[in-house]
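Structural overview for review
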Amino acid sequence: MPSLRGLVEELGQRALRLIVDLGAMSLLAGRTLYHAVTPPFQPRLLIAQMDHIAVRSLSIVGVAGLFVGLVLALQTAYGLARFGAKGTVGIIVGLSMVRELGPVVTAILVGGRVGSGFTAELGSMKVTEQIDAMRALGVNHIKKLVVPRVVITMLALPLLTVIANALGVFGGMVISQYEFNVDYHQYYTTFTQYVKLADMLSGLGKTVFFGFLIGLVGCYNGLTTRGGTEGLGRATTGTVVTSSLLVFISDFFLTKFFWWLEGW
């Protein structure tokens, strides 16, 4: 009985912490959206974050997108060759990259790199009481620290996803030609014939929401860091895990939503 009671109490405490975190994160999301659309605007902070988030993530996203396309085409063509349909590999690679793999892989990579960076930066400022000093001086720390990171993550993810998609489709075309003798023209024709603009917009639309979630979780964990350097390490790890889970969970609901929009 005592062990069962302790388990119930622990589960109750975790549920309460989850509800409190969801409420606080919702408030931070509302304040971020409000300050993002109200002046004064600070383009210098946005440009600095664009370099940190987008430019420095290009190599990681590019390599990942290329090899995802290579592996996807390799596995797909092997399966299709059994049915004599390997010529349709361009359709499967194109739709898979544009609608799902490109956006999700890019979000996971950028979330791990950028989200943890947000938590480390803001958490260090929180631990060293720099954020408290900003508040004492009357500086809006949400507008100065959170808004540029969240906004640029939302803008950068679609651009990075386009690059990952292009390299993934190109990698699939190369491996299809050299491993399965699927002509470049046939691959390109099937890709352009069946991959529509709605498919591309569906994938890119997801990345905007992914970027918002990644930026919000990273900043929230940084602003709520406690316990010195040890707490900062826990917050950084929590950001990577939480942002990855949110990407996978939200991907399902966003997929359903965009399918509904296309059929409406």
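The structure contained in this document is the topic of the report that follows. Note that the structure is predicted; figures quoted are calculated from it, not measured.

Attention now moves to the pattern of salt bridges. The tally for this structure, following the rule as stated, stands at 6 salt bridges. Residue R149 pairs with E121 through a salt bridge whose shortest N-O separation is 2.7 Å. In this pair, R149 sits in helix α6 (residues 141-180) while E121 sits in helix α4 (residues 89-127), placing the two residues 28 residues apart along the sequence. On the basis of relative accessible area, E121 is assigned to the partly exposed category, the value being 29%. A salt bridge links D132 to R135; its shortest N-O distance comes to 3.9 Å. With a gap of 3 residues between them, D132 and R135 both fall in helix α5 (residues 130-136), about one helical turn apart. D132 gets classed as partly exposed once you look at its relative accessible area, which sits at 33%. Residues joined by salt bridges that share partners form a network here, namely E100, K206 and D251.

The next subject is the side chain of R149. The buried category is assigned to R149, whose relative accessible area is 9%. Polar contacts involving the side chain of R149 include one to the main-chain carbonyl oxygen of L145, which spans 2.7 Å. Excluding anything up to four places from it in sequence, R149 contacts Q49, I53, F118, E121, L122 and C219.

Where helix α2 (residues 43-53) contacts α4, the axes come no closer than 11 Å and their chain directions differ by 130°. Comparing the axis directions of α2 and α4 gives the class oblique. Along its contact with α2, which presents Q49, H52 and I53, the element α4 presents R113, V114, F118 and E121. The residue inventory of the contact of α2 with α4, partitioned by class, reads 3 nonpolar, 2 polar and 2 charged.

Each value, and the rule that gives it
Residues numbered from 1 in each chain as written. Predicted model: local features only at pLDDT ≥ 70, side-chain atom pairs only at ≥ 80, totals over all residues. Heavy atoms only, no water. Salt bridge = Lys/Arg side-chain N within 4 Å of Asp/Glu carboxyl O. Helix = DSSP H or I, 4+ residues; strand = E, 2+ residues; numbered from the N terminus. Buried < 20%, exposed > 50% of the residue type's maximum accessible area, 1.4 Å probe, protein only. Polar contact = N/O pair within 3.5 Å; in protein donor to acceptor, adjacent residues only side chain to side chain. Contact = heavy atoms within 4.5 Å. Axes fitted to C-alpha atoms, helices over the stretch in contact; angles between N-to-C directions. Parallel < 35°, antiparallel > 145°, perpendicular 65-115°, else oblique. Nonpolar A, V, L, I, M, F, W, Y, C, P; charged D, E, K, R; others polar.

Remember that the coordinates give geometry; whether it matters functionally is a separate question.
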